[in-house]
Amino acid sequence: MLELSSNTIKALGIFGRLSQELESYFDAIEKKYSKKPQNKQDYEVFRHLTLTYISNATVADIATQLDLLQDLKQFLPYKLKVRKLFVKDEVTLPGAEHIAVEFGLDQTKELRELIREKVDNVLVETPYMKTIWFVPKENQQKVMEELKNLNELEYTDFYLVSNKQNDENTIFTSTRFK
C-alpha cells in the first residue's frame, strides 16, 4: 500500500539534454581542466537547458509537466547558435567558476511561448548554459581556446526530472512519447 505522508516533490522541472556527441566532447574537456569540489556528488548533474522549475511541486504538477514534455517533442532536435563564451560564477559555492555558452533569449522564443501558454508560472528564461564546470582561473583561457570552434548547441531530448538533473531522477523524456 502507498503511504499518504506527502504529496509534494522538493523540485520538479523540464530540462533540455544535449546530444551524446556534445556531452562526450564537454566531458573530455572537463576531465582535462576541471577541479570539482570534494563533495562532487552534489554537482553530478547532466548539462542542461532549464525550461521549467517548480519548488515543492505537487503530484498534480507531474501530469501538467508530462503534458508539456509531450508538446515539446515537436521541437527536437533543438539547436541554438553560440554567441559567446564567458565565465559564470557558481552561486552555491563562492569562488567556483564554470565556462558557459551564451545563446540569447531570442533563440528560445518559440519554446518559451509554448511553455508560457501551457504553464506560465514555472517558466525559466535563461540565455546561457554552463558547459565546463569548476574551471580554475589558470585553466579558463585554455578551455575557451578549446571551445572556440563551438558554433552550436544541439539538444536531442527534453527531460522531466525530480530533485536533481541526473538519470536516476529522470521521470520521463520527450523522446519516449510515441
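Reading the values: the criteria
- Residues numbered from 1 in each chain as written.
- Predicted model: local features only at pLDDT ≥ 70, side-chain atom pairs only at ≥ 80, totals over all residues.
- Heavy atoms only, no water.
- Helix = DSSP H or I, 4+ residues; strand = E, 2+ residues; numbered from the N terminus.
- Rg over C-alpha atoms; globule rule 2.2 N^0.38 Å.
- Buried < 20%, exposed > 50% of the residue type's maximum accessible area, 1.4 Å probe, protein only.
- Contact = heavy atoms within 4.5 Å.
- Areas by Shrake-Rupley, 256 points an atom, 1.4 Å probe, with all protein chains shown as cover.
- Core = buried A, V, L, I, M, F, W, Y, C linked by side-chain atoms within 4.5 Å.
- Salt bridge = Lys/Arg side-chain N within 4 Å of Asp/Glu carboxyl O.
- Pairing = 2+ DSSP bridges.
- 1 Å grid on protein atoms, 1.4 Å probe; cavity = no way out; pocket = protein on both sides within 12 Å on 5 of 7 lines; lining within 4 Å.
- Points joined across faces, edges and corners; volume = space filled by probe spheres on them.
- Axes fitted to C-alpha atoms, helices over the stretch in contact; angles between N-to-C directions.
- Parallel < 35°, antiparallel > 145°, perpendicular 65-115°, else oblique.
- Left-handed = near helix turned anticlockwise from the far one by under 90°.

Our next topic: the overall build of the chain. Helices and strands together make up the secondary structure of the chain, namely four helices and eight strands. When its helices and strands are written in sequence order, the chain yields β-α-β-α-β-β-β-α-β-α-β-β. Relative to the compact-globule value of 16 Å for 178 residues, the chain shows a C-alpha radius of gyration of 17 Å, a close match. Along the first, second and third principal axes, the C-alpha set of the chain runs to 55 × 35 × 25 Å. Each of the 178 residues in the chain was classed as buried or not, and the buried ones make up 47%. Pairs at least 24 apart in sequence give 77% of the contacts found in the chain among residues at least 6 apart. Surface summary for the chain: the accessible area is close to 10000 Å², and the carbon and sulfur share equals 48%.

Counting residues in each nonpolar core, the largest one holds 43 residues, and the members touching the most others are F26, L72, L153 and F158. Excluding residues within four positions of it along the chain, L153 makes contact with L18, L22, F26, Y78, K79, L80, V82, V101, F103 and M129.

Before going further, it helps to examine the pattern of salt bridges. Overall, the coordinates contain 20 salt bridges when judged by the stated rule. Among the ionic pairs, K36 bridges to E44, the shortest N-O distance being 3.7 Å. K36 gets classed as partly exposed once you look at its relative accessible area, which sits at 31%. Here R116 ties to E125 by a salt bridge, and the two come within 2.8 Å at their closest N and O atoms. For R116, a relative accessible area of 35% corresponds to the partly exposed category. In this structure, a network of salt bridges that share partners links the residues R17, E23, D27, E30, K36, E44, R47 and D167.

Another aspect to go through is the pairing of strand β3 (residues 78-81). The side chains of a regular strand alternate between the sheet's two faces. Burial along β3 is one-sided: Y78 and L80 are buried, and none of K79 and K81, which face the opposite way, are. By the bridge criterion, four bridges tie β3 to strand β7 (residues 152-162) in an arrangement that is antiparallel. In the strand pairing of β7, L80 is matched with L153.

Attention now goes to empty space enclosed by the protein. In total, this model carries one cavity of 30 Å³ or more according to the counting rule given. Broken down by element, the lining of the largest cavity gets its largest block of residues, three residues, from strand β2 (residues 48-58).

Packing of helix α1 (residues 20-33) against helix α4 (residues 137-146) leaves a shortest axis separation of 10 Å and a crossing angle of 155 degrees. It follows from the interaxial angle that α1 and α4 lie roughly antiparallel. Judged by the twist between their axes, the crossing of α1 over α4 is right-handed. Taken together, the residues of α4 that come into contact with α1 (itself represented by Y25, I29, K32 and Y33) are N139, K142, V143 and E146.

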